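Fold and geometry: a report
Read off the chains here:
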Amino acid sequence: MPGTGNKAFDIAWVREQFPSLKLQVNRQPAAFLDGPAGTQVPKQVMDAVQNYFLTANANTYGAFATSRRNDALVASARGAMADFFNCDSGQVVFGQNMTTTTFALARAIGREMKPHDEIVVTTLDHDANVAPWRALEEKGVVIRQVDIREADCTLDLDDLKRKISAKTKLVAVGYASNIVGTINPVAEITKLAHAAGALMFIDAVHYAPHGLIDVKALDCDFLACSPYKFFGPHMGTLYGKREHLEKFKPYKVRPASDVSPECWETGTQVQELIAGIGAAVDYIAELGRHCDPRVKGRREALQAAYRATHQYETGLLTRLIEGLQTIPGMRIFGITDAKRFDQRCSTLSFRLGDHNPTKIAAFLGDRGIFTWDGNFYALNLSERLDVEKHGGVLRVGLVHYNTAEEVDRLLAALHEFPG
Ligand SMILES: Cc1ncc(COP(=O)(O)O)c(C=O)c1O
């Protein structure tokens, strides 16, 4: 396919796996460029959820067949997420979504904090990695916010170094920005946090559909992501180092298990969707085997999948940026230099003249092209870039099931947008 930079990537096979990609709107094929707010799911995930209801629909730890099957499915999904994170099953926590999980974790960590202890957050992050930590201000905890370099929407690492001190107890940084696509040097930041004796929490929600996560290599203390952003169902997952999951005490009901990771999973989980999470990870692994039949275990298959999708998505991104730059009045936020594409993923935001992004999104939506407008809850950044009061930005999210033709349709429609 021209412009994708990777002839070997079998986009036809990929699109076959996602039944919803066949949807039509106003007699136009739907172009799902809305992935950063939630991706489409492959049929493997749909089948797993249906299969759960058909064969394993029961609560946990009963002395009968469906309950035992439920327990086996949850254990299997935990194993799949362990391969996804590169950790042990006992370090994987399921939850309603990243926001809820992070509030619960922040409450538990906050129990151990004292007035004047400090937490470092950033201007680049989604509010789900800001508000749960800011909630601890009620206990006298001090929040320090790291600024960005406005020219390319990257984190200001000098400011970060200034803000981390002996008082810092936790550093909360996103792996990738859900507005401008910047990938942060989280391994380097983890080292800075640890050198100051602080914990490192990574919000990997936006990174997870684009890049392989390796918590061992990162050495982070916690990392959260949401399967519905990487081709799975609407849920959240959290990785934690075992010593922390055991040391910190979540708020819970008394009869529930005190043993980690289950003590972190309050109430009855959405078990049918947990089954779907296992299937989402297996889909990515299947893609990896399709791209490279030599791979052996699931982790190796995941590595192969992300190698292939990264190259493919970079091709799409290049085509998109080159095309957008020919449109008069276009202002792209973030890194646009192809030589620096290893520092960003294929999520891009722009403003077109002083047009309201909602109007552009509606114009594109009528043509079957799905994009998002607004701040996407990355409120600090939207305010910092001074676009918040003007309706935010228009966001285009490219994942591995998107095509060069969809990028071209978007570009053609933007050229037609009445100025
Ligand atoms: C970077 C980032 N962090 C956190 C979240 C919140 O995730 P959830 O919807 O699972 O609470 C989102 C959702 O858009 C996100 O993009």
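For clarity, every value in this text was computed on a predicted model and none was experimentally measured.

Notes on the packing of aromatic side chains
One pass over the full model with this rule turns up 17 aromatic pairs. Of the aromatic side chains, those joined through ring pairs into one cluster are W13, F18, F231, Y283 and Y401. We note R395 situated over the ring of F376; from NZ or CZ to the ring centre the distance is 3.9 Å.

Section: helix α10 (residues 271-291)
Across its 21 residues, α10 extends 31 Å between first and last C-alpha, which sits within 8% of the 30 Å expected from 1.5 Å per residue. The buried count for α10 comes to 15 of 21 residues, which makes it a mostly enclosed element.

Quick look at the packing of helix α3 (residues 65-85) against helix α11 (residues 298-324)
Look at α3 against α11: their axes get within 9 Å of each other, and the N-to-C directions meet at 55°. Judged on the interaxial angle alone, α11 and α3 are oblique. Crossing of α3 against α11: the hand is right-handed. Of the residues in α11, those in contact with G79, A80, D83, F84 and F85 of α3 are R298, R299, L302 and Y306. A breakdown of the residues in the contact of α3 with α11 according to their chemical character gives 5 nonpolar, 1 polar and 3 charged.

Section: the pattern of salt bridges
The full count for this structure, using the stated rule, is 21 salt bridges. Taking the shortest distance from any N to any O, the salt bridge between K163 and D159 comes out at 3.0 Å. Taken together, the residues K163 and D159, both in helix α6 (residues 157-163) and 4 residues apart, mark about one turn of the helix. Accessibility assignment for this pair places K163 and D159 in one class, buried. A single network of salt bridges, built from pairs that share partners, joins D83, D282 and R298.

Examining the nonpolar core
By size, the foremost hydrophobic cluster in this structure holds 109 residues, and its most contacted members are M81, F84, F85, L223, L324 and F350. Sort the elements by how many residues they give to this core and α11 lands first, with 12 residues. One finds V93, L199, A224 and L245 within the second-largest nonpolar core, a separate group that totals 27 residues.

A closer look at the sheet that holds strand β6 (residues 142-146)
Strand order across the open sheet formed by 7 strands is β4-β12-β11-β10-β9-β5-β6, with mixed pairing between neighbours. Both outer strands of the open sheet, β4 (92-95) and β6, are each paired with one neighbouring strand and no more. Averaged over neighbouring strand pairs, the angle between their axes works out to 20° when direction is ignored. Here 4 bridges tie β4 to strand β12 (residues 236-240), and the two strands are oriented antiparallel to one another. Bridging across to β12, G95 finds its partner in G236. α3 contacts β4, β11 (222-225) and β12 of the sheet and is inclined by roughly 115° relative to β4.

Some words on unusual backbone geometry
Following S260, the chain continues to P261 via a peptide bond in cis, the omega torsion being 5°. Of note, the phi angle at D219 is positive, near 65°, even though the residue is not glycine. You can see D219 is positioned in the loop between α8 (215-218) and β11. Judged by relative accessible area, D219 falls into the partly exposed class, the value being 36%. You will see that D386, though not glycine, has its phi angle at about 60°, which is positive. Judged by its relative accessible area of 41%, D386 falls in the partly exposed class.

Quick notes on the sheet that holds strand β14 (residues 347-352)
The strand order across the open sheet formed by 4 strands is β13-β14-β17-β16, and the pairing between neighbours is antiparallel. Taken across any chain shown, the strands that pair with only one partner, and hence form the sheet edges, are β13 (330-333) and β16 (372-374). On average, each strand axis in the sheet is tilted by 30° relative to the strand beside it, whichever way the strands run. The sheet contact formed by β14 and strand β17 (residues 393-397) spans 4 bridges and is antiparallel. What sits directly across from T347, in β17, is G397. Most of the contacts of helix α12 (residues 357-366) go to β17, to which it runs at about 40°, and overall it touches β14, β16 and β17.

Calculation notes
Residues numbered from 1 in each chain as written. Predicted model: local features only at pLDDT ≥ 70, side-chain atom pairs only at ≥ 80, totals over all residues. Heavy atoms only, no water. Phe/Tyr/Trp six-rings, centres within 6.5 Å; stacked < 30°, edge-to-face > 60°. Lys NZ or Arg CZ within 6 Å of the ring centre and 35° of its normal. Helix = DSSP H or I, 4+ residues; strand = E, 2+ residues; numbered from the N terminus. Expected span 1.5 Å × (residues − 1). Buried < 20%, exposed > 50% of the residue type's maximum accessible area, 1.4 Å probe, protein only. Axes fitted to C-alpha atoms, helices over the stretch in contact; angles between N-to-C directions. Parallel < 35°, antiparallel > 145°, perpendicular 65-115°, else oblique. Left-handed = near helix turned anticlockwise from the far one by under 90°. Contact = heavy atoms within 4.5 Å. Nonpolar A, V, L, I, M, F, W, Y, C, P; charged D, E, K, R; others polar. Salt bridge = Lys/Arg side-chain N within 4 Å of Asp/Glu carboxyl O. Core = buried A, V, L, I, M, F, W, Y, C linked by side-chain atoms within 4.5 Å. Pairing = 2+ DSSP bridges.

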